[in-house]
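Topology and contacts: notes
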Amino acid sequence: AWCRTHGASQALETTLFDELRSGGYEVALFGKVDIGAGVLRRFGPAPTQDGYHGGASLPIVTRAADVRRPTKPNPLELVDDHAAHVHPEDWKVHDRCSEWLRAKGDASRSSGGGGGPPWFLYCSLNIPHPAFRTNATWLHAVDEAAVRASPPAWPAEGSMHPYDAYMTTSKAVGDDQPVFGEVGVFRVRRTYLAMVAEADYLIGQVVEAAREAKLYRGALVVYLSDHGEMSMEHRQIWKNAHYEASLRVPLLLAGGALPVGPRFRRGAVATSLASLLDIFPTIAEAAQLRPLRKGALAGESLLPL
């Protein structure tokens, strides 16, 4: 109910998915979609969940009162580095995305390489995300020496800003919790990096499926994440922190349809400040969608960069 009320107050007019469909695009969504707007009902059944997690909870509404108690399990309780078959839900998303691309490629070839509407594929993985689970396959990809060589600072709770101290306690890494020690912190960070390696492999396989289907040359690929990971830096884990590790996310643009010009070269790194708010207008411009009313979007297209 709160989410619906909040959504109404934002005067939501449309979503990127709606604009693409209105522009004649075939839209396929696989995995987690972190918005409401009836996306699961209107674009299902492929999306798995809309990102709303039951509304406000007691820990959330008592933050302003500085009520400090753990609201999350101890991170080490969520670490499993001997899992036999990790993240099966993400492998299913990977399979469905790859199969969709192969079917799209087969249809294009059977029609002589022409015809059919333009398309938009949304392929969302949940990893790397708690619970932290991995196995030897992905641990092998982690440079353990590099992880050990850069241990994070572990400040005393009493020396921290009150907000940081609150979140440290909330995330079960406060002074009232068992001491992690170098081994515990290393294990959490190593497992997270192993999950990154697994995610990299899965997305790489989806891109390879696009290449095999002869679709990559005409595609614009956008790779991003919705938030970062503190990974035990500043005595924090997960997100919800005013630090770059929590806020900064990867953003890669690739594919054969990537515009190339004097200021936009393949392999280039743009250092201009960008935001996830820029993704909607960037894809809208690349897809040549109808312009929205002035001020409808908070972001700006990144293509001019």
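As the structure is a computational prediction, the values presented were derived from the model and not from experiment.

So, about the overall build of the chain. Looking only at helices and strands, the chain has 11 helices and 6 strands in total. Looking at the chain as a whole, 38% of its 305 residues are labelled buried. Looking at the chain alone, contacts between residues at least 24 apart form 73% of all its contacts between residues at least 6 apart. Approximately 17,600 Å² of the chain is accessible, and the part contributed by carbon and sulfur atoms is 55%.

A word on a nonpolar patch on the surface. A surface patch of nonpolar side chains, amounting to about 210 Å² of accessible area, comprises Leu224, Leu251 and Leu276. Among the secondary structure elements, Leu276 is positioned in the loop between strand E6 (251-254) and helix H11 (279-286). Under the relative-accessibility criterion, Leu276 is labelled partly exposed at 38%.

The subject of this paragraph is the pattern of salt bridges. This model, assessed by the stated rule, comprises 8 salt bridges. Residue Lys104 pairs with Glu26 through a salt bridge whose shortest N-O separation is 2.3 Å. On the criterion of sequence distance, the pair formed by Lys104 in helix H5 (residues 88-110) and Glu26 in strand E1 (residues 26-30) is long-range, its members being 78 residues apart. Within this structure, Asp81, Glu144, Arg187 and Arg190 form a network of salt bridges that share partners.

On to the packing of aromatic side chains, then. How two aromatic rings sit relative to each other is given by the distance of their centres and the angle of their planes. With the rule as written, the count across this model stands at 7 aromatic pairs. When the ring of Trp91 is compared with that of Tyr201, the centres are 5.9 Å apart and the planes differ by 35°; the resulting orientation is tilted. Taken as a pair, Trp91 in helix H5 and Tyr201 in helix H9 (residues 181-212) lie far apart in primary sequence, 110 residues in all. Here the aromatic residues Phe17, Phe120 and Tyr122 are joined through ring pairs into a cluster of three or more. The lysine or arginine in question, Lys72, covers the ring of Trp238, its NZ or CZ lying 5.9 Å from the ring centre. A cation over an aromatic ring shows up here: Arg211 above the ring of Tyr216, its NZ or CZ 4.0 Å from the ring centre.

Core analysis: the largest hydrophobic core is formed by 29 residues, its most contacted members being Phe30, Leu101, Leu121, Leu125, Phe132 and Met232. Taken together, the elements giving at least two residues each to this core come down to E1, H5 and H9. Looking at which element gives the most residues to this core, the answer is H9, with 10 residues.

Our next topic: the state of the cysteines. Covalently bonding the sulfur atom of one cysteine to the sulfur atom of another cysteine gives a disulfide. Taken as a whole, this structure holds 1 disulfide when the rule is applied. Paired by a disulfide, Cys97 and Cys123 hold their sulfur atoms 2.4 Å apart. Its S-S torsion of approximately 115° makes the covalent link between Cys97 and Cys123 right-handed. Of this pair, Cys97 sits in helix H5 while Cys123 is found in strand E3 (residues 119-123), placing the two residues 26 residues apart along the sequence.

What follows concerns the pairing of E1. Burial of E1 is extensive: 4 of the 5 residues sit out of reach of the surface. As paired elements, E1 and E3 share 5 bridges and run parallel to each other. Bridge pairing in E3 places Ala28 opposite Leu121.

What follows deals with unusual backbone geometry. Cis geometry is adopted by the peptide bond preceding Pro128, which originates at Ile127 and carries an omega value of 0°. Tracing the backbone through its elements, the reader meets Pro128 in the loop between E3 and strand E4 (132-133). For the peptide bond that leads from Pro130 to Ala131, omega is 0°, which places it in the cis range. With respect to the helices and strands, the residue Ala131 is situated in the loop between E3 and E4. Positive phi outside glycine occurs at Arg235, with the angle close to 55°. Residue position: Arg235 is located in the loop between strand E5 (221-224) and helix H10 (244-247). On the basis of relative accessibility, which here comes to 7%, the residue Arg235 falls in the buried class.

Another aspect to go through is the side chain of Gln236. Looking at the element boundaries, Gln236 is found in the loop between E5 and H10. For Gln236, a relative accessible area of 0% translates into the label buried. When neighbours within four sequence positions are excluded, Gln236 is seen to be in contact with Asp164, Met167, Thr168, Lys171, Met230, Ser231 and Ala241.

The rules behind these values
- Residues numbered from 1 in each chain as written.
- Predicted model: local features only at pLDDT ≥ 70, side-chain atom pairs only at ≥ 80, totals over all residues.
- Heavy atoms only, no water.
- Helix = DSSP H or I, 4+ residues; strand = E, 2+ residues; numbered from the N terminus.
- Buried < 20%, exposed > 50% of the residue type's maximum accessible area, 1.4 Å probe, protein only.
- Contact = heavy atoms within 4.5 Å.
- Areas by Shrake-Rupley, 256 points an atom, 1.4 Å probe, with all protein chains shown as cover.
- Patch = residues over 30% accessible without salt bridge, like charges linked within 9 Å, V, L, I, M, F, W, Y side chains within 5 Å.
- Salt bridge = Lys/Arg side-chain N within 4 Å of Asp/Glu carboxyl O.
- Phe/Tyr/Trp six-rings, centres within 6.5 Å; stacked < 30°, edge-to-face > 60°.
- Lys NZ or Arg CZ within 6 Å of the ring centre and 35° of its normal.
- Core = buried A, V, L, I, M, F, W, Y, C linked by side-chain atoms within 4.5 Å.
- Disulfide = S-S within 2.5 Å.
- Pairing = 2+ DSSP bridges.

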